[in-house]
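These are the residues of each chain, in order.
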Amino acid sequence: AQNKWLKNASIVCEVNKKEINVNIPSISPMSIRKVPFKVDYPNSVIDNEKVNVLLTLKNIEGKILSTDTISLNVKSRYKHHKRTFISSIDGSVQYYSVAPSSNPNIENPAMFLSVHGASVEAVNQANAYDQKDWGHLVAPTNRRPYGFAWENWGRIDALEVLNHAEQLFKTDPMRTYLTGHSMGGHGTWQL
């Protein structure tokens, strides 16, 4: 934290000497801001392998303001995992959880959008399902375990996830299914 604005700064994300530079928005004095950045790890990384990522914060002149190394567990896209996206509501980073099809070569897969109940995280919602060979299960977050009861921002979040997942997985719109448990049942009616 500092008493002045942080403007025109960037984050350099480095994995195995491969760098990605991300410009970050201005950060007001004495505040914090979540900033998305992309990690480009080698295709040779296997499920649950740790990848060390060097993060460097630089100002516009290239002066290093801070560095840190984080260790990430890489998840296979062929197993249960989380996906992130930038919300059009407020520009924040949001996530959804996926139980991907067990058939990686499926064309025009189905999609099951499953909205969670109260006090359930999206990752636990997706983990409650086994992988299916004919489609992907996608569980949005509703912003937090109780969220907005799938109304207001929670409803918009779910629709953003639906749109993002449709494009990512190239699903068949004629085989898109909606389900929910408990508060997610209420969410099903809202959606």
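Everything below is about the structure printed above this text.
Residues numbered from 1 in each chain as written. Predicted model: local features only at pLDDT ≥ 70, side-chain atom pairs only at ≥ 80, totals over all residues. Heavy atoms only, no water.

Caption draft 1: Examining the overall build of the protein chain more closely. Regarding its fold elements, the protein chain presents 3 helices and 9 strands. Each helix and strand of the protein chain, ordered N terminal to C terminal, gives the series β-β-β-β-β-β-β-α-β-α-β-α. C-alpha atoms of the protein chain, sized along the principal axes, occupy 50 × 40 × 25 Å. Counting only residues that meet the buried cut, the protein chain has 35% of its 191 residues in that class. In the protein chain, of all internal contacts separated by at least 6 residues, the share reaching a separation of at least 24 is 62%. Counting every atom, the protein chain has about 11,600 Å² of accessible surface; 50% of that belongs to carbon and sulfur. A distance of 5 Å separates the average location of the 21 positive side-chain charges in the protein chain from that of its 17 negative side-chain charges. (Helix = DSSP H or I, 4+ residues; strand = E, 2+ residues; numbered from the N terminus. Buried < 20%, exposed > 50% of the residue type's maximum accessible area, 1.4 Å probe, protein only. Contact = heavy atoms within 4.5 Å. Areas by Shrake-Rupley, 256 points an atom, 1.4 Å probe, with all protein chains shown as cover. Lys, Arg positive; Asp, Glu negative; His and termini not counted. Charge placed at Lys NZ, Arg CZ, Asp CG, Glu CD.)

Caption draft 2: Just helix 3 (residues 183-190), in detail. Turning to helix 3, its buried residues are M183, G184 and G187. The buried residues of helix 3 occupy an angular sector of 95 degrees when the element is viewed end-on, so they sit on one face. (Arc of directions from axis to C-beta.)

Caption draft 3: Structural context of the sheet that holds strand 7 (residues 110-115). Here 5 strands make up an open sheet; going across it, the order is 5-6-8-7-9 and the pairing mixed. Pairing within the sheet leaves two strands with one partner each, and these edge strands are strand 5 (81-86) and strand 9 (176-180). On average, adjacent strands in this sheet sit at an angle of 30 degrees to one another, irrespective of strand direction. In this sheet, strand 8 (residues 135-139) lies alongside strand 7 in parallel orientation, the contact comprising 4 bridges. Note on strand 8: the bridge partner recorded for M111 is H136. In this fold helix 2 (residues 153-169) packs onto strand 5, strand 6 (93-99), strand 7, strand 8 and strand 9, with an angle of close to 155 degrees to the strand it touches most, strand 7. Of the strands in this sheet, strand 7 and strand 9 are in contact with helix 3, which crosses strand 9 at around 140 degrees. (Pairing = 2+ DSSP bridges. Axes fitted to C-alpha atoms, helices over the stretch in contact; angles between N-to-C directions.)

Caption draft 4: Fine view of helix 2. Taking 1.5 Å per residue, 17 residues should reach 24 Å; helix 2 reaches 24 Å between its end C-alpha atoms and fits that length. Among all positions of helix 2, only G154, D157, A158, E160, V161, L162, A165 and F169 are buried. Buried residues in helix 2 make contact with strand 5, strand 6, strand 7, strand 8 and strand 9. The positive-phi residue at the C-terminal boundary of helix 2 is K170, with phi of around 50 degrees. (Expected span 1.5 Å × (residues − 1).)

Caption draft 5: The pairing of strand 2 (residues 18-23), seen in detail. The sheet contact formed by strand 1 (residues 10-15) and strand 2 spans 6 bridges and is antiparallel. The partner of I11 across the bridge, within strand 2, is V22. Once strand 1 ends, the chain turns through 2 residues before running back antiparallel as strand 2, passing N16 with a positive phi of about 50 degrees.

Caption draft 6: Spatial organisation of the packing of aromatic side chains. In total, this model carries 5 aromatic pairs according to the counting rule given. Seen in terms of ring centroids, F148 and W153 are 6.0 Å apart; in terms of plane orientation they differ by 45 degrees. Their pairing is tilted. Judged by relative accessible area, W153 falls into the partly exposed class, the value being 37%. Clustering of aromatic rings is evident, with ring pairs tying together F112, W134 and Y177. Of note, K7 hangs over the ring of W5, and the distance from its end group to the ring centre comes to 5.4 Å. Here K82 stacks its cationic end above the ring of Y95, 4.7 Å away from the centre of that ring. (Phe/Tyr/Trp six-rings, centres within 6.5 Å; stacked < 30°, edge-to-face > 60°. Lys NZ or Arg CZ within 6 Å of the ring centre and 35° of its normal.)

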